[in-house]
Amino acid sequence: SLQGETAKLKLPSLNQDHLDSVVVLFEDQVLFKSEAVIRIAENLPWPWQILKFSTFIPKKIRDFVYEVVASHRYTFFGKRTTCRLPTLAEKEKFLP
């Protein structure tokens, strides 16, 4: 969570403007929006890894697409009335 203890320690310069975006800390570099999604996708199985090739698209266009998908995510992916709780194995991957 961007409001959690780890984020406060590792991302002290993170301001409130980025709380509506996915954020990735990779090799001491903070990545937002499309750059963060690309970095995450590189570590996912096929076919998600294909997103790494989108780095050839200008960042402004990638971030625009990110914002469109983010603002319509419930239309694209659906909305649930409850949240799934993580398994014990998944919980180990979350930071406080």
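Residues numbered from 1 in each chain as written. Predicted model: local features only at pLDDT ≥ 70, side-chain atom pairs only at ≥ 80, totals over all residues. Heavy atoms only, no water.

### Description of the overall build of the chain
- A count of helices and strands for the chain gives five helices and two strands.
- When the helices and strands of the chain are placed in sequence order, the string is α-β-β-α-α-α-α.
- For the chain, with 96 residues in total, the buried portion stands at 18%.
- For the chain, the proportion of contacts with a sequence separation of at least 24, taken over those separated by at least 6, is 26%.
- Total accessible area computed for the chain in this model is approximately 8300 Å², and 61% of it derives from carbon and sulfur atoms.
- Looking at the chain, you have 14 positive and 11 negative side-chain charges, and the mean spots of the two groups are 5 Å apart. (Helix = DSSP H or I, 4+ residues; strand = E, 2+ residues; numbered from the N terminus. Buried < 20%, exposed > 50% of the residue type's maximum accessible area, 1.4 Å probe, protein only. Contact = heavy atoms within 4.5 Å. Areas by Shrake-Rupley, 256 points an atom, 1.4 Å probe, with all protein chains shown as cover. Lys, Arg positive; Asp, Glu negative; His and termini not counted. Charge placed at Lys NZ, Arg CZ, Asp CG, Glu CD.)

### Quick word on the environment of Glu35
- Tracing the chain through its elements places Glu35 in helix H2 (residues 33-41).
- Residue class for Glu35 comes out partly exposed when judged on its relative accessible area of 30%.
- In this structure, the C-alpha to C-alpha distance between Glu35 and Val69, residues 34 residues apart in sequence, is 14 Å.

### Topic: the pairing of strand E1 (residues 23-26)
- Alignment of E1 against strand E2 (residues 29-32), held across four bridges, turns out to be antiparallel. Counted as the bridge partner of Leu25 is Val30 from E2.
- Where E1 folds back on E2, the antiparallel hairpin that results is connected by two residues, among which Glu27 adopts a positive phi of roughly 50°. (Pairing = 2+ DSSP bridges.)

### Some points on H2
- Regarding H2, the residues found buried are Ser34, Ala36, Ile38 and Ala41.
- Packed against the buried residues of H2 are E1, E2 and helix H3 (59-71).

### Notes on unusual backbone geometry
- For the bond running from Trp46 to Pro47, omega is 15°, close enough to zero to count as cis.
- Turning to its location among the elements, Pro47 is positioned in the loop between H2 and H3.
- Within the chain, Lys33 stands out as a residue other than glycine whose phi angle is a positive 45°.
- Within the secondary structure, Lys33 sits in helix H2.
- In this structure Lys33 comes out as partly exposed when scored by relative accessible area, which is 23%.

### A few points about a nonpolar patch on the surface
- A grouping of Val37, Ile40, Leu44, Trp46, Trp48, Ile50, Leu51, Phe53 and Phe56 is seen on the molecular surface, where their side chains present a nonpolar patch of about 950 Å² in accessible area.
- Position of Leu51 among the secondary structure elements: in the loop between H2 and H3. (Patch = residues over 30% accessible without salt bridge, like charges linked within 9 Å, V, L, I, M, F, W, Y side chains within 5 Å. Salt bridge = Lys/Arg side-chain N within 4 Å of Asp/Glu carboxyl O.)

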